[in-house]
Amino acid sequence: MNIIVATKNQNKVNEIKKIFAPLGFNVMSQEDAGIDVDVEETGDTFAKNALIKARAVAMLCDDCVLADDSGLCVEALDGRPGVFSARYAGPGATDLEKIEKLLIEMQDKTNRKAKFVTNIAFIFPDGREIVTQGEVSGKILREPVGSNGFGYDPVFYSTELEKTFAQAEMDEKNRISHRGRALSALYDELKQIINNE
Ligand code: ITT
């Protein structure tokens, strides 16, 4: 079964491939599928934005479509950057610029608790939709550590792994990450649906 991932973020595609390919799914990015669409993420929740992205690509193909909307929610910042995680330091800002802005905002905060949240939207070729969620808790460090991963990984210390996501191998991160958990919930739902058909 083909699954087209409605994203322009290749890191997300790589993480999703690593989880779904061994299960027999042919995972490809929208670019691999020759689909070029720019979607405005106007939703105020991760779930709404995941559906906006998935529906935009589903309109242009006959395959299953998967979209992820995710972000970092910091307790001392009342849940920010949240749905604005990608745009937190302005359009086109690099990961390093986003991290720098976060560390400046957090410099006087003693409460360092944060979580990554993902909502995944999955749309079947017949239009049926599934939305799942995953979360992982951790702490924001005072400086970046590690060079794997992407986004805020170097400053996100996972209490479960006892290291930052940027120090973790992809498999290790996938096992407990927000995206890994949302994908595993999706996989369970898909298995039930496929078994019942
Ligand atoms: P698409 O919308 O094209 O999927 P995007 O990168 O803009 O790609 P989002 O709108 O979902 O994706 O924004 C999520 C941002 O949150 C992302 O750019 C990172 O800065 C951050 N983020 C999400 N998951 C992350 C992870 O696993 N590790 C580190 N940062 C992450």
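Data block above holds the structure.
Residues numbered from 1 in each chain as written. Predicted model: local features only at pLDDT ≥ 70, side-chain atom pairs only at ≥ 80, totals over all residues. Heavy atoms only, no water.

Peer 1: A description of the site of the ligand should follow, citing residues and the corresponding values.
Peer 2: Neighbouring residues of the ligand: 21 residues in total, closest Thr7, Lys12, Lys53, Asp153 and Arg179. Here Thr7 contributes a side-chain N or O atom positioned 2.6 Å from an oxygen atom of the ligand. Interatomic distance of 2.6 Å between a side-chain N/O atom of Asp153 and a nitrogen atom of the ligand. Under a 2 Å grid-point criterion requiring more than half of the atoms, the pocket assigned to the ligand is the largest pocket. Elements supplying a minimum of two residues to the shell around the ligand: strand E3 (64-74) and helix H5 (178-196). Per-element tally for the shell around the ligand: the top contributor is E3, with four residues. (Near = heavy atom within 4 Å. Polar contact = N/O pair within 3.5 Å; in protein donor to acceptor, adjacent residues only side chain to side chain. 1 Å grid on protein atoms, 1.4 Å probe; cavity = no way out; pocket = protein on both sides within 12 Å on 5 of 7 lines; lining within 4 Å. Sits in = over half its atoms within 2 Å of the grid points. Helix = DSSP H or I, 4+ residues; strand = E, 2+ residues; numbered from the N terminus.)

Peer 1: Provide a residue-level description of the layout of surface pockets, including the pertinent values.
Peer 2: Estimates place the volume of the largest pocket at around 800 Å³. Asn9, Lys12, Glu41, Lys53 and Ala86 are the residues nearest the centre of the largest pocket, which is lined by 34 residues in total. Of all the secondary structure elements, the ones that give two or more residues to the lining of the largest pocket are helix H1 (10-20), helix H2 (46-58), E3, helix H3 (95-105) and H5. Among the elements that make up the lining of the largest pocket, the one with the highest residue count is E3 (five residues). For the lining of the largest pocket, the class distribution of residues is ten nonpolar, ten polar and 14 charged. (Points joined across faces, edges and corners; volume = space filled by probe spheres on them. Nonpolar A, V, L, I, M, F, W, Y, C, P; charged D, E, K, R; others polar.)

Peer 1: A description of the packing of aromatic side chains should follow, citing residues and the corresponding values.
Peer 2: Scanning the model with the defined rule gives six aromatic pairs in all. Considering the side-chain rings of Phe20 and Tyr187, the 6.2 Å spacing of their centres and the 90 degrees angle between planes classify their relative orientation as edge-to-face. Pair noted here: Phe20 is in helix H1 and Tyr187 is in helix H5, with a separation of 167 residues, a long-range link. Tyr187 gets classed as partly exposed once you look at its relative accessible area, which sits at 24%. Through pairs of rings, three or more aromatic residues link up here, namely Phe20, Phe25 and Tyr187. Sitting over the face of the ring of Phe124, Arg128 holds its NZ or CZ atom 4.4 Å from the ring centroid. (Phe/Tyr/Trp six-rings, centres within 6.5 Å; stacked < 30°, edge-to-face > 60°. Buried < 20%, exposed > 50% of the residue type's maximum accessible area, 1.4 Å probe, protein only. Lys NZ or Arg CZ within 6 Å of the ring centre and 35° of its normal.)

Everything listed here is a matter of coordinates, which is why it stays silent on function.
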